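Structure assessment
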Amino acid sequence: MTIGLQMQQVSFAYLDGLVLRDINLSVAGGEMVGILGPNGSGKTTLIKLTSGILRPNHGEIRLDGSSLNQMSRKTIARSVAVVPQQFHIPFAFTTTEVVMLGRFPFIKTLSGESADDKNIVSEVMNLVQLSQLQERRFDELSGGERQKVILAMALAQQPKLLLLDEPTLHLDISHQIEILELVRRLNTTQKLTVIAAMHDLNLAALYFDRLVLLKAGQIVADGTPSQVLTEKTISDVFATTVKVEVHPSTGTPHIVVMPRKNG
């Protein structure tokens, strides 16, 4: 089962100023969309609004036609899962215990985990290849291993919409590819709707069929990687001179940053 997203004239401001302005965005169920933009352009805020963590100052967000504002946190959590940039556990939880946190929206008060909850956690850990780490403490894992655990926790919610906030941040290239390959496989095989804020333009071009580019809180481009990642657009948005080539193996855009001339 897939789930779609509609943002209609969505604006949001923190106390120190407007972050997103008049965002109109429609994501069909089963799409895999990358959100791009410079630091401060509103990528993380857009993810938080979509998850219901923040509420827009203006406009409306709908999940399959239902207003997000009228849905409870538990209802949202049964359809939408988030992989944040950072995730801190203040206790010495094992990997299995962290992944089990993803079942919280489904666990009845005072009942504890059911056999189904345990089976789902076990299946997700096998899927993400964490079985060998199930008794390891979360705070003893490497950065790449922690990111896989956080992804597994999100998948344990059995979401219809998966939101990722820069999922490859601080990871080496091997773990970056591993995470994105897994997400794309889930999108393809399970028709999981995916929206991810991405920092690396080349990785975004490789793994996402649709890209949305933000600048100063507004959408300035929306389309395929070839349509969005042009030399002019990248130069305008990131204030950096680049050369855009065609990747010889994939046919996707490949961005080469040009050095600035001295003087």
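In this report, the structure presented in the accompanying data block is examined.

Calculation notes
- Residues numbered from 1 in each chain as written.
- Predicted model: local features only at pLDDT ≥ 70, side-chain atom pairs only at ≥ 80, totals over all residues.
- Heavy atoms only, no water.
- Helix = DSSP H or I, 4+ residues; strand = E, 2+ residues; numbered from the N terminus.
- Rg over C-alpha atoms; globule rule 2.2 N^0.38 Å.
- Buried < 20%, exposed > 50% of the residue type's maximum accessible area, 1.4 Å probe, protein only.
- Contact = heavy atoms within 4.5 Å.
- Areas by Shrake-Rupley, 256 points an atom, 1.4 Å probe, with all protein chains shown as cover.
- Lys, Arg positive; Asp, Glu negative; His and termini not counted.
- Charge placed at Lys NZ, Arg CZ, Asp CG, Glu CD.
- Salt bridge = Lys/Arg side-chain N within 4 Å of Asp/Glu carboxyl O.
- Pairing = 2+ DSSP bridges.
- Axes fitted to C-alpha atoms, helices over the stretch in contact; angles between N-to-C directions.
- Phe/Tyr/Trp six-rings, centres within 6.5 Å; stacked < 30°, edge-to-face > 60°.

1. Brief notes about the overall build of the protein chain
Helix and strand counts for the protein chain stand at 9 helices and 12 strands. Taking 263 residues into account, the globule formula puts the C-alpha radius of gyration at 18 Å, and the protein chain, at 19 Å, falls close to it. In terms of principal-axis extent, the alpha carbons of the protein chain reach across some 65 × 40 × 35 Å. The buried share of the protein chain, taken over its 263 residues, is 46%. A separation of at least 24 residues holds for 64% of the contacts in the protein chain among residues at least 6 apart in sequence. Counting only carbon and sulfur atoms, one obtains 50% of the accessible surface of the protein chain, whose full area is about 13,300 Å². In the protein chain, the 25 positive side-chain charges and the 25 negative ones have mean positions that sit 4 Å from each other.

2. What about the pattern of salt bridges?
Scanning the entire structure with this criterion turns up 9 salt bridges. Here Arg 210 ties to Asp 222 by a salt bridge, and the two come within 2.9 Å at their closest N and O atoms. In this pair, Arg 210 sits in strand β9 (residues 210–215) while Asp 222 sits in strand β10 (residues 218–223), placing the two residues 12 residues apart along the sequence. With relative accessibility at 14%, the residue Arg 210 sits in the buried group. Where salt bridges share partners, they join Glu 31, Arg 210 and Asp 222 into one cluster.

3. Some remarks on the side chain of Thr 95
Mapped onto the elements of the fold, Thr 95 is located in helix α3 (residues 95–100). Exposure remark for Thr 95: the relative accessible area of 0% places this residue in the buried category. Apart from residues no more than four positions distant in its own chain, Thr 95 is found in contact with Met 125, Leu 130, Leu 133, Gln 134, Arg 136, Phe 138, Leu 141 and Val 149.

4. Describing the pairing of β9
Along β9, 5 of the 6 residues are buried, which leaves the element largely enclosed by surrounding structure. Sheet analysis places strand β3 (residues 32–36) next to β9, joined by 4 bridges and oriented parallel. Residue pairing in the sheet places Leu 36 in a bridge with Leu 213 of β9. Alignment of β9 against β10, held across 5 bridges, turns out to be antiparallel. Of the residues in β10, the one forming a bridge with Lys 215 is Gln 218. The turn joining β9 and β10, which pair antiparallel and follow one another in sequence, is formed by 2 residues; a positive phi near 50° is taken by Ala 216.

5. Describing the sheet that holds strand β5 (residues 66–67)
Read across the open sheet, the 4 strands follow the order β2-β1-β4-β5; overall the sheet is antiparallel. Edge positions in the open sheet fall to β2 (17–27) and β5, since each of these has one partner strand only. Bridge count between strand β1 (residues 5–14) and β2: 7 bridges; the pairing is antiparallel. Its bridge partner being in β2, Met 7 is matched across the sheet by Leu 25. Each of β1, β2 and β4 (58–63) touches helix α1 (residues 43–51); the most contacted strand, β1, lies at about 120° to it.

6. Things to note about the packing of aromatic side chains
All chains considered together, the criterion is met by 3 aromatic pairs. Summarising the aromatic geometry, the rings of Phe 12 and Tyr 14 are spaced 4.8 Å apart at their centres and angled 85° between planes, so their arrangement reads as edge-to-face. Ring centres 6.3 Å apart and planes at 90° place the aromatic pair Phe 87 and Phe 138 in the edge-to-face group. On the criterion of sequence distance, the pair formed by Phe 87 in the loop between β6 (80–83) and α3 and Phe 138 in the loop between α4 (115–127) and α5 (143–155) is long-range, its members being 51 residues apart.

7. With respect to the environment of Leu 46
Position of Leu 46 relative to the elements: it lies in helix α1. Assessed through its relative accessible area of 1%, Leu 46 is described here as buried. Between the alpha carbons of Leu 46 and Ser 111 there is a distance of 35 Å; along the sequence they are 65 residues apart. The contact partners of Leu 46, leaving out residues within four places of it in the chain, are Met 7, Leu 20, Leu 25 and Leu 214.

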